[in-house]
Amino acid sequence: MHWTFLNAQDALLETLGLGDFDGDGRCDVFAVHAYDFMISSGGRGEWHSLGTFAVPFSELGFADFNGDGIQDIFRRAPDGQWSAISPGIYDWTLLERSSFPLSDLRFGHFNDDRIADVIAVQGGRWSVSFGGRTKWQPLNPKLADKLQPLLIGDVDGDRIDDIVRYRASGDGLTGTWEISARGADPWKPLASLSWRDTYQARQIRPARFVVSFAGRFDLWDGADVLALDYDRRGHLHNNGVPGFFPYNLHAF
């Protein structure tokens with residue numbers, strides 16, 4: 001679709017959280033204003049407060065820690081203590097704790113209880129704290145890739161999240177996505193995207209400029225992989241369909 005106006009705000013994306021914080025089935029925008037947790041419902045509404053909490057945005061993450069489908073607010077305190085809150089549903093609840101900074105933690109669903117789990121590289125391998133409430137347990141006995149650049153989503157539609165990584169070929173003409181099913185299996189090929197071998201393409205090396213995302217971009221079960229190339233065209237891969245197909249009519 002073409003770009004649709006939502007709201008006029010000047011906050012940068014890295015200072016905002018996204019998710020359904022009010023349970024109406026639409027994605028909202030979250031921010032911290034002074035001491036207040038604020039949301040703009042559907043990204044269109046005026047800011048309104050979820051409550052006053054003396055917690056900076058830099059200590060927060062977002063996931064569903066009670067399985068009700070509403071985005072909760074996760075905090076990693078300076079002393080390493082984790083906690084979560086869903087304003088109006090439950091108050092701050094202590095979870096586990098870890099010395100890892102928030103930037104080293106990722107969230108996903110790695111069992112079938114629909115409660116968010118926390119993963120990190122611990123002891124040299126991917127490890128998981130189920131529900132953020134258990135001690136670190138092995139998730140993958142072999143893989144130790146840094147988690148920050150990886151995609152997390154239920155790509156194969158089995159209701160448990162997978163982990164996806166992207167690699168560009170040396171000549172920059174082919175990009176390959178690989179998947180670790182449920183975060184527990186070895187890397188396996190998922191899909192690839194190639195550009196015509198021309199003089200211009202060899203100068204640009206387009207595969208090196210691909211940015212990809214995991215999310216629900218169609219009506220089928222499972223997360224899709226959306227790849228944006230160097231000229232802002234989108235390509236979509238979804239479960240059960242080999243490769244990518246052109247996605248967007250309007251540049252991202």
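Up top is the structure these notes are about.
Predicted, not measured: the structure shown is a model, and the values here were computed from it. For every chain, the first residue of its written sequence is number 1, and the numbers climb from 1 along that sequence. Side-chain atom pairs in this predicted model are given and counted only at pLDDT of 80 or more, local residue features only at pLDDT of at least 70, and totals for whole chains, interfaces and linings cover all residues. Heavy atoms from the whole structure form the basis of all side-chain values; hydrogens and water molecules are not counted.

K.L.:
Residue-level account of the overall build of the chain, with values.
P.N.:
When you go through the chain residue by residue, the secondary structure sums to one helix and 20 strands. Each radius of gyration reported is based on C-alpha atoms, and the globular scaling rule is 2.2 Å times the count of residues to the power 0.38. Relative to the 2.2 N^0.38 estimate, which gives 18 Å for 252 residues, the radius of gyration of the chain is 19 Å and therefore close to what a compact globule would have. Taking the principal axes of its C-alpha atoms as reference, the chain extends roughly 55 × 45 × 30 Å. The buried label applies to any residue whose accessible area, calculated with a 1.4 Å probe on protein chains only, is under 20% of its type's maximum; exposed applies above 50%, and partly exposed to all values in between. Buried positions account for 45% of the 252 residues belonging to the chain. The contact criterion used throughout is that any non-hydrogen atoms of two residues lie within 4.5 Å. Intrachain contacts of the chain at a sequence separation of at least 6 include 36% that bridge at least 24 residues. Note on areas: Shrake-Rupley, 1.4 Å probe, and residue coverage restricted to the protein chains presented here. Here the chain displays about 13,600 Å² of accessible surface, and carbon together with sulfur accounts for 55% of that area. Numbering goes from the N terminus for both helices and strands, where a helix is a DSSP run of H or I of at least four residues and a strand is a run of E of at least two.

K.L.:
With reference to specific residues and values, describe the pairing of strand β15 (residues 174-180).
P.N.:
Among the seven residues that make up β15, five are buried, leaving the element largely enclosed by the rest of the structure. Here strand β14 (residues 162-168) runs beside β15; their pairing, made up of six bridges, is antiparallel. Paired with Tyr 166 across the strands is Trp 177, a residue of β15. Strands are labelled as partners when DSSP assigns at least two bridges between them. Counted between consecutive antiparallel strands, the loop separating β14 from β15 contains five residues, among which Gly 172 sits at a positive phi close to 75 degrees.

K.L.:
Please set out the side chain of Gln 81 residue by residue, giving values where relevant.
P.N.:
With respect to the helices, strands and loops of the structure, Gln 81 is situated in strand β7 (residues 81-86). A residue is classified by how much of its surface remains accessible, and Gln 81, at 16% relative accessible area, is buried. Between N or O atoms, a polar contact is any pair within 3.5 Å; within protein, one atom must be a potential hydrogen donor and the other a potential acceptor, and residues adjacent in sequence are included only when both atoms are from side chains. One polar contact links the side chain of Gln 81 to the main-chain carbonyl oxygen of Leu 95, over a distance of 3.2 Å. With near-sequence residues (within four places) excluded, Gln 81 lies in contact with Arg 75, Arg 76, Leu 94, Leu 95, Glu 96 and Arg 97.

K.L.:
Quick rundown of the packing of aromatic side chains? Include the residues and the values.
P.N.:
Note on aromatic pairs: the rings of Phe, Tyr and Trp (six-membered ring only in Trp) are paired at centre separations within 6.5 Å, and the planes decide the class, stacked below 30 degrees, edge-to-face beyond 60, tilted for the rest. With the rule as written, the count across this model stands at 20 aromatic pairs. Each member of the aromatic cluster is reached from another via a ring pair, and the members are Phe 21, Phe 30, Phe 37, Phe 53, Phe 57, Phe 62 and Trp 92.

K.L.:
I'd like a rundown of the pattern of salt bridges, residues and numbers included.
P.N.:
One speaks of a salt bridge when a side-chain nitrogen belonging to Lys or Arg is within 4 Å of a carboxyl oxygen belonging to Asp or Glu. Evaluation of the coordinates by the stated rule reveals nine salt bridges. Between Asp 145 and Arg 165 there is a salt bridge, with its nearest N and O atoms 2.7 Å apart. In this pair, Asp 145 is assigned in the loop between β12 (137-138) and β13 (151-153) and Arg 165 in strand β14, connecting sequence segments 20 residues apart. Where Arg 233 meets Asp 231, a salt bridge forms, and the shortest distance between an N and an O atom there is 2.9 Å. Note on Arg 233: relative accessible area 44%, which makes it partly exposed. Exposure remark for Asp 231: the relative accessible area of 31% places this residue in the partly exposed category. Three or more residues joined by partner-sharing salt bridges are found here, namely Asp 145, Arg 165 and Glu 178.

K.L.:
Report on the environment of Val 29, specifying residues and quantitative values.
P.N.:
Note that Val 29 resides in strand β2 (residues 28-33). For Val 29, a relative accessible area of 18% translates into the label buried. Separated by 211 residues in sequence, Val 29 and Gly 240 have C-alpha atoms that sit 32 Å apart. Contacts of Val 29, omitting those with residues within four sequence positions, involve Leu 16, Gly 17, Leu 18, Met 38, Ile 39, Ser 40, Gly 43 and Trp 47.

K.L.:
Can you tell me about the sheet that holds strand β8 (residues 90-97), naming the residues and giving the values?
P.N.:
Strand order across the open sheet formed by four strands is β5-β6-β7-β8, with antiparallel pairing between neighbours. For this open sheet the edge positions go to β5 (60-63) and β8, each flanked by a neighbour on one side alone. Strand-to-strand twist in this sheet, taken as the mean axis angle between neighbours without regard to direction, amounts to 25 degrees. Only the stretch in contact is used when a helix axis is fitted, and all axes are lines through C-alpha atoms; the angle between N-to-C directions ranges over 0 to 180 degrees.

K.L.:
Account for the environment of Gly 51, naming residues and giving values.
P.N.:
Its location among the elements puts Gly 51 in strand β4 (residues 47-52). Residue classification places Gly 51 among the buried residues on the basis of a relative accessible area of 17%. Each C-alpha atom of the pair Gly 51 and Gly 88 lies 8.9 Å from the other, and the pair is 37 residues apart in sequence. Beyond its immediate sequence surroundings of up to four residues, Gly 51 is in contact with Tyr 35, Asp 36 and Phe 37.

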